[in-house]
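Each chain is listed here by its residues.
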Amino acid sequence: MAFLDYFRRAPKTASLAKDRLSIIVARERAGTRGGADYLPQLQQELLAVIARYETIDLANVTVNLDKSGGCEVLELNIVLPDAPPPPAPRPPQSALA
Amino acid sequence: MSNASKVVVVTSGKGGVGKTTTSANIATGIAQQGKKTVAIDFDVGLRNLDLVMGCERRVVYDFVNVIRNEAKLQQALIRDKRVDSLYILPASQTRDKDALDPEGVGRIIEELKQMGFEYIICDSPAGIEKGAQMAMYFADEAIVVTNPEVSSVRDSDRVLGLLAAKTSRAELGGPAIRTHLLLTRYSPMMVKRGEMLSVADVLELLGIPLLGVIPESKAVLQSSNKGAPAILDETTDVAQAYLDVVYRYLGQERQHRFIEEEKRSFFGRLFG
C-alpha cells in the first residue's frame, strides 16, 4: 500500500550515521588516546589460556575497552564452539615437559 | 615581527574533502585584508595548490628545492597576481614524501617568519603519515576540514588525536594547538530530510569549535577550472561562506550562515 507508506516514517540515515560514529569514535579514542595499547596482547594471552580447555579461534575472542561516563568497562567476549570438544581438560603445556 | 606570525595547518585525514580549496580561499581572503600571507603546499609528489590558485605555469623552484638548498626561498615563492601580499610555496611534483624532514621544514618556516609573513597556511596532504605529520608539526592552529559523512568525521577525529600528540607543541609541552572545525560540502536540504549529518551532530562528535560551514556548490569546481579561488567572486554562496570564515578567523563576529535551507519564494521555486 503505497498510500500508507507515505505515513510510515522511513529510518533516517543521518541518525544511523551519528549512532555508528559515536561508537567508533569513542572506541578509537579509548584505543589511541587512553593509553590502553595492551589490548591485542591481552587478547593473545587469553586465547592461549582458553585454548587449553577449548578449541577456539582468535576471531571468536574480542576484547574492548569502553568508557561510559566516568568509568571504564573492559568487555571480554568469547564465543565457545557449538560441539563440545573431548571432555577431559588438557593440562597446561609446561606440565607435559 | 616573528612573534606575530601564525602557522595554520589545513588538515583532514581523508582526501577530497576540500583541504586545498580551503587553503587557497582562506589564504586569499586573509591576504585581501592586507596581511602578508603564504600558502605552502605540503603534498609532495601530488602538488595541486598551484593549479587551484592558477599559478602552475610560474613554478620554477619548489619547497623541496629550498629545503635541500638548491634554491633560495625568495626564488621558490610565487607572488599572486591578483592579491598583493599573497604568496604560494609550491610542493615538489617529483620527489617522495620523505623529502620533508622536521629540521628543513622548521628552518623554512622560521625564515618565512623573519620575512614578515603574518599567516603561514600549510596545506596538508591526505592521510596521517609523514607528509601530513610534517604539515601539522609546527602549527599554532589547525583548521580541520570535514564533510558531513561518516568516513570524513572518523578521520578528522584521528587527526585531532595526532594534533594533540605528534606536533612540536605537544612534544615540547607548549600550549595545545587551537583547533577549528570547517564543515564543507554541506547540504541543508539533505540535513532537513535526515539524509546528512547536521552541524550539531558533527560538533557533538568532534567536540571542537565551529569556524564555519561551506555549502555544497558548483562554484567550487568552476573556480578550480579557472584557477581562481572562489572567494574572489563575491557573488557566489561559497565566496560568501569563505569570507565569513576569514572575518571570523581574524576575530570579527559573524553569524553562521548556510546551515538552514534557504527559503525560496514561489516564483523562485518556479524559475530557479
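Residues numbered from 1 in each chain as written. Chains lettered and ligands numbered in written order. Predicted model: local features only at pLDDT ≥ 70, side-chain atom pairs only at ≥ 80, totals over all residues. Heavy atoms only, no water.

Enquirer: For the overall build of chain B, give the residues involved together with the corresponding values.
Expert: For chain B, the count of helices and strands is 13 helices and eight strands. For 272 residues, the compact-globule estimate of 2.2 N^0.38 gives 19 Å, and the C-alpha radius of gyration of chain B, at 18 Å, lies within 12% of that figure. Counting only C-alpha atoms, chain B reaches 60 × 40 × 35 Å along its principal axes. Within chain B, buried positions represent 55% of all 272 residues. Within chain B, residue pairs in contact and separated by at least 24 positions form 75% of the contacts whose partners lie at least 6 positions apart. About 12,500 Å² of surface is accessible on chain B, with carbon and sulfur atoms providing 48% of the total. Both charge centroids of chain B, one from 34 positive and one from 35 negative side chains, sit 3 Å from each other. (Helix = DSSP H or I, 4+ residues; strand = E, 2+ residues; numbered from the N terminus. Rg over C-alpha atoms; globule rule 2.2 N^0.38 Å. Buried < 20%, exposed > 50% of the residue type's maximum accessible area, 1.4 Å probe, protein only. Contact = heavy atoms within 4.5 Å. Areas by Shrake-Rupley, 256 points an atom, 1.4 Å probe, with all protein chains shown as cover. Lys, Arg positive; Asp, Glu negative; His and termini not counted. Charge placed at Lys NZ, Arg CZ, Asp CG, Glu CD.)

Enquirer: Account for the layout of surface pockets, with residues named and values stated.
Expert: Residues and elements named next belong to chain B. Estimated volume of the second largest pocket: approximately 280 Å³. Lining the second largest pocket are 15 residues; nearest its centre among them are Thr 21, Arg 185, Ser 217, Val 220 and Leu 221. Sorting the residues of the lining of the second largest pocket by element identifies β7 (178–186), β8 (210–215) and α11 (218–226) as the ones contributing at least two each. (1 Å grid on protein atoms, 1.4 Å probe; cavity = no way out; pocket = protein on both sides within 12 Å on 5 of 7 lines; lining within 4 Å. Points joined across faces, edges and corners; volume = space filled by probe spheres on them.)

Enquirer: Summarise the interface of chain B and chain A; cite the residues concerned and give the values.
Expert: Across the boundary between the two partners, chain B contributes 16 residues, which contact 13 residues of chain A. Approximately 1,300 Å² of surface area, both sides summed, lies buried where chain B meets chain A, with 57% of it carried by carbon and sulfur atoms. If you sort the residues of chain B by the area they bury against chain A, Arg154(B), Asp157(B) and Leu205(B) come out on top, with a joint share of 40%. Summed over the shared surface of chain B and chain A, the number is four salt bridges. Sorting the residues of the side of chain B that touches chain A by element identifies α7 (150–165) and α10 (199–206) of chain B as the ones contributing at least two each. Here the side of chain B that touches chain A takes seven residues from α7(B), the largest share from any one element. (Buried area = accessible area lost by both parts, 1.4 Å probe. Salt bridge = Lys/Arg side-chain N within 4 Å of Asp/Glu carboxyl O.)

Enquirer: With reference to specific residues and values, describe the environment of Lys35(B).
Expert: Within the secondary structure, Lys35(B) is located in the loop between α1 (19–32) and β2 (37–41). Sequence-wise, Lys35(B) and Asp244(B) are 209 residues apart; in three dimensions their C-alpha atoms are separated by 16 Å.

Enquirer: Describe a nonpolar patch on the surface, with residues and values.
Expert: Residues and elements named next belong to chain A. Together, Leu 76, Ile 78 and Leu 80 make up a nonpolar patch on the protein surface, roughly 250 Å² of accessible area in all. One can find Leu 76 in strand β2 (residues 71–78). Of the residues examined, Leu 76 reaches a relative accessible area of 45% and is grouped as partly exposed. (Patch = residues over 30% accessible without salt bridge, like charges linked within 9 Å, V, L, I, M, F, W, Y side chains within 5 Å.)

Enquirer: Residues and numbers for α7(B), please.
Expert: Here α7(B) is 16 residues long and its end C-alpha atoms lie 23 Å apart, about the 22 Å a rise of 1.5 Å per residue gives. Those residues of α7(B) lying buried are Ser152(B), Val153(B), Ser156(B), Asp157(B), Val159(B), Leu160(B), Gly161(B), Leu162(B) and Leu163(B). (Expected span 1.5 Å × (residues − 1).)

Enquirer: Before we move on, can you summarise the pairing of strand β4 (residues 86–89) of chain B with the specific residues and values?
Expert: Residues and elements named next belong to chain B. Both faces of β4 are covered, namely the face carrying Leu 86 and Ile 88 and the face carrying Tyr 87 and Leu 89. Sheet analysis places β2 next to β4, joined by four bridges and oriented parallel. Counted as the bridge partner of Ala 39 is Ile 88 from β4. As paired strands, strand β3 (residues 78–79) and β4 are joined by two bridges and run antiparallel to one another. From the neighbouring strand, Arg 79 faces β4, where its bridge partner is Tyr 87. (Pairing = 2+ DSSP bridges.)

Enquirer: Please set out the confidence of the model for chain B residue by residue, giving values where relevant.
Expert: Predicted coordinates in regions of low pLDDT should not be interpreted in detail. Averaged over all residues, the pLDDT of chain B equals 94, while 95% of them reach at least 70. Per the prediction output, this complex has pTM 0.80; the corresponding ipTM is 0.83. (pLDDT = per-residue confidence, 0-100.)

Enquirer: Break down the pairing of β8(B) for me, with residues and values.
Expert: Residue and element names in this part refer to chain B. Where burial is concerned, most of β8 is hidden: six out of the six residues are buried. Pairing between β7 and β8: four bridges, direction parallel. Following the sheet pairing, Leu 182 is matched in β8 by Gly 212.

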